[in-house]
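Each chain, written out:
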Amino acid sequence: MKMLKSKERRDTFLLITMGIIFILFLVYLFVPLGNKSPKPVETGTKPPENKKKKPVNISDIPQITRGVFAGFNERIETELEGILDFLKQSPRPFQNFPIDGLKSVLFPAEDQTDTDQDLLPLFEVIQKVQRINFYDLKDIFEFDFPEGADQTLIFNLYTGLFMLKIREGKLIREITEFPDTMFKRIVNCWPYLQINNEIEKDFQSLPVLFYFYMLLQRLDVFPATDVAAFLKERIGDIRDLSPGKLIDQIGNYLGFSRDPQIYRISWTEEDYLNPDDHGNYANLKMNTYVFLRQKYLVFPDFQNTKNNKWIRDLKKSDSGDIELIDFQLSDEDPVKNIQIQTIYYAPGKSQFIILLDRHDFTDQSGFLGRLIHQRLLEVQQYFLSVDFTSRFNDPGSFKTGLLNFGGFLKKQVPVK
């Protein structure tokens, strides 16, 4: 009987002990310890925090990776230098330059990318960037390029894609037909800010060279207002440290001035029945224009009609055709020895140009001089002219030129 009671006590103790252990286990599971709170469940509805990207220190990039990116950049530069060299010799710049080498660098075959594993992230970005159209190509700088692609490399990529899109599309014809307001909007020099508005190599001027070329195709080469001021202003902040100084040259060629000078004009109109008619006019204060290294006057002068008196008198000198046999213009200061080179006029136009001086654009003028020379020759085809340099070496041609010009003044030049 005593043994039975002892056994019951042991069983009771075990039950109590097991109950306490179970309660402690439940406390451990459901009661938090200390001040820790449960981690909230991620729902995906809260936008991630915008963490500022830590600036990349070039020394933190493995030297092998840096070398691969530098080698890739050199290959791009070699192709761009080759394109510029071709343009300098081509009779049709920006229309037939070779691009196969540049395409093979920017878009290599798969077996070639396998050897440059470090460049694979860069090629992935280039594939995305190439989908940008020409007019939005500046957006390339907003893409997330891999570490190791510095701003110089990205600018060279921009220049390479810029040239590919020019070559592969019909941009030249399209841009030539744009109205002036739209053309000014597409002339974009903002990408040069990405390389601190400073260039050290000639090929880096390729985008500006293209804009200059397109401006020439659209240009009135004898303007009375500064039609190129916008381009000159946009390239004005670029420091050109390159050997060829092409951007600096463009700025100089596009320089425009309008300065008043005092001139004297005289003319002689032949009259077979009476004495010839003569006109002499002094103190004509005319705006003298300089553009593309040309110095010229524009007649009639719509701002100061007093300067048109010689035209009015010449038209009244003969009720029939004007037979102009002599025309001279000089500066009131005889030391300046100003001479007319050419008079340009065109059927259907009321104004004409008296060219006083121009730069001699020869083969020694370089690439830019050749572009300007070609454009001047193209424009001159639409003008009739009187060549004053032929006054003595070809007097017959000069006389015919003056007579034709007199007819133009009589019929097409309205003056008040």
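Scoring rules and cut-offs
- Position numbers for residues count from 1 along each chain, tracking the sequence in the order it is written.
- This being a predicted model, a pLDDT of at least 70 is required before a residue's local features are given, and a value of 80 or more before pairs of side-chain atoms are given or counted; all residues contribute to the totals for chains, interfaces and linings.
- Computation of side-chain values: all heavy atoms of the structure, hydrogens and water removed.
- The helix count covers DSSP runs of H or I at least four residues long, the strand count covers runs of E at least two residues long, and both are numbered beginning at the N terminus.
- Remark: exposure states derive from per-residue accessible area (1.4 Å probe, protein chains only) relative to the maximum for the residue type, with buried under 20%, exposed over 50%, and partly exposed in between.
- Only heavy atoms enter the contact rule, under which two residues are in contact if any of them lie within 4.5 Å.
- Accessibility throughout is a Shrake-Rupley quantity obtained with a 1.4 Å probe, and a residue counts as covered only by protein chains that appear here.
- At least two DSSP bridges between two strands are needed for those strands to be called paired.
- Here the axes come from fitting lines to C-alpha atoms, over the contacting stretch only for helices, and the angles between their N-to-C directions go from 0 to 180 degrees.
- The handedness criterion is simple: a crossing whose near helix is rotated anticlockwise from the far helix by less than a right angle is left-handed, and one whose near helix is rotated clockwise is right-handed.
- Only Asp, Glu, Lys and Arg are considered charged, only Ala, Val, Leu, Ile, Met, Phe, Trp, Tyr, Cys and Pro nonpolar, and every remaining residue, Gly among them, polar.
- Multiplying 1.5 Å by the helix residue count minus one yields the expected span of that helix.
- What is meant by a nonpolar core is a set of buried Ala, Val, Leu, Ile, Met, Phe, Trp, Tyr and Cys residues, joined one to another through side-chain atoms within 4.5 Å.
- Note on ring pairs: Phe, Tyr and Trp rings are taken, using the six-membered ring of Trp, and paired if centres are within 6.5 Å. Classes follow the plane angle, with under 30 degrees stacked, over 60 edge-to-face and the rest tilted.
- The arc refers to the directions leading from the helix axis to the C-beta atoms.
- The term salt bridge refers to a side-chain nitrogen of Lys or Arg lying within 4 Å of a carboxyl oxygen of Asp or Glu.
- Charged residues are defined here as Lys and Arg on the positive side and Asp and Glu on the negative side; His and the ends of the chain fall outside this count.
- The scheme is simple: roughly parallel for angles under 35 degrees, roughly antiparallel for over 145, roughly perpendicular for 65 to 115, oblique for anything else.

A. Quick look at the overall build of the protein. When helices and strands are tallied, the protein shows 14 helices and nine strands. Buried positions account for 41% of the 416 residues belonging to the protein. Relative to all contacts within the protein whose residues are 6 or more apart in sequence, the contacts with residues 24 or more apart total 72%. By element, 52% of the accessible surface of the protein is carried by carbon and sulfur atoms, the whole surface being about 24800 Å².

B. Here's a closer look at the sheet that holds strand β8 (residues 352-358). One open sheet holds the seven strands; their spatial order is β6-β3-β4-β5-β8-β7-β9, and the pairing between them is antiparallel. Looking at the sheet topology across the chains shown, the edges are occupied by β6 (324-331) and β9 (384-387). Across the sheet, the mean angle from the axis of one strand to that of its neighbour is 30 degrees, orientation sign disregarded. Inspection of the sheet shows strand β5 (residues 294-299) paired to β8 by six bridges, in the antiparallel sense. Bridged to Lys 295 within β8 is Asp 357. Taken strand by strand, helix α14 (residues 395-412) contacts β6, β7 (342-345), β8 and β9, and its axis lies near 85 degrees from that of β6.

C. Structural detail: the packing of helix α11 (residues 246-253) against helix α13 (residues 366-380). For the pair α11 and α13, the least separation of the axes is 10 Å and the interaxial angle reads 35 degrees. Like other packed secondary-structure pairs, α11 and α13 cross with a definite hand, here right-handed. Facing α11, whose interface residues are Leu 246, Gln 249, Ile 250 and Tyr 253, α13 presents Leu 368, Gly 369 and Ile 372. Split by residue class, the contact of α11 with α13 holds five nonpolar, two polar and no charged.

D. Quick peek at helix α9 (residues 206-218). With 13 residues, α9 should cover 18 Å at 1.5 Å per step; its first-to-last C-alpha distance of 19 Å lies within 8% of that length. Of all 13 residues making up α9, 12 are buried, and the element is well covered by its neighbours. Burial in α9 covers these residues: Leu 206, Pro 207, Val 208, Leu 209, Phe 210, Tyr 211, Phe 212, Tyr 213, Met 214, Leu 215, Leu 216 and Arg 218.

E. Spatial organisation of the nonpolar core. Counting residues in each nonpolar core, the largest one holds 89 residues, and the members touching the most others are Phe 72, Leu 122, Leu 157, Met 163 and Phe 210. Ignoring any residue separated from it by four or fewer positions in sequence, one finds Phe 72 in contact with Val 105, Leu 106, Leu 119, Leu 122, Phe 123, Ile 126, Leu 153 and Leu 157.

F. Region of interest: the packing of aromatic side chains. In the structure shown here, the tally under the stated rule is 35 aromatic pairs. Considering the side-chain rings of Phe 183 and Phe 230, the 6.1 Å spacing of their centres and the 85 degrees angle between planes classify their relative orientation as edge-to-face. Linking Phe 183 in helix α8 (residues 180-186) with Phe 230 in helix α10 (residues 229-234), this pair joins segments that are 47 residues apart in sequence. Among the residues examined, Phe 230 registers a relative accessible area of 12% and is labelled buried.

G. Focus on the side chain of Ser 90. Looking at the element boundaries, Ser 90 is found in the loop between α2 (63-89) and α3 (100-106). Among the residues examined, Ser 90 registers a relative accessible area of 2% and is labelled buried.

H. Region of the structure containing helix α12 (residues 309-316). Looking only at α12, the buried set comprises Trp 310, Ile 311, Leu 314 and Lys 315. In an axial view of α12, the angular spread of the buried residues amounts to 130 degrees, which keeps them on one side of the axis. Buried positions along α12 lie against β3 (257-269), β4 (277-291), β5, β6, β8 and α14.

I. Molecular detail of the pattern of salt bridges. Inspection of the entire model under this criterion finds nine salt bridges. Between Lys 201 and Glu 77 there is a salt bridge whose closest N-O contact spans 2.7 Å. Residue Lys 201 is found in the loop between β1 (198-199) and α9, and its partner Glu 77 is found in helix α2; the two are separated by 124 residues along the sequence. Under the relative-accessibility criterion, Lys 201 is labelled partly exposed at 33%. For Glu 77, a relative accessible area of 9% puts it in the buried group. The residue Asp 313 makes a salt bridge to Lys 309 at a minimum N-O spacing of 2.8 Å. With a gap of four residues between them, Asp 313 and Lys 309 both fall in helix α12, about one helical turn apart. Owing to a relative accessible area of 40%, Lys 309 belongs among the partly exposed residues under this scheme.

J. Expanded view of the side chain of Lys 165. Counting through the fold element by element, Lys 165 comes out in helix α6 (residues 151-168). Among buried charged residues, Lys 165 stands out as having no salt bridge; its nearest opposite-charge side chain is Glu 168, 6.5 Å away. Setting aside residues no more than four positions away along its own chain, Lys 165 makes contact with Gln 130, Ile 132, Asn 133, Phe 134, Leu 137 and Leu 171.

K. How the structure looks around the pairing of β8. Taking burial as the measure, the seven residues of β8 include five buried ones, the bulk of the element. Here β7 pairs with β8 via three bridges, running antiparallel. By the bridge assignment for β8, Thr 342 is matched with Leu 355. Counting the residues between successive antiparallel strands, the hairpin from β7 to β8 contains six residues, one of them, Gly 348, with a positive phi of roughly 90 degrees.

L. Here's a closer look at the packing of α9 against α11. Where α9 contacts α11, the axes come no closer than 10 Å and their chain directions differ by 25 degrees. Here α11 runs roughly parallel to α9, going by the angle between their axes. Crossing angle aside, the handedness with which α9 passes α11 is left-handed. Residue-level inspection shows Val 208, Leu 209 and Phe 212 of α9 in contact with α11, the latter providing Leu 246, Ile 247 and Ile 250. Partitioned by chemical class, the residues of the contact of α9 with α11 number six nonpolar, no polar and no charged.

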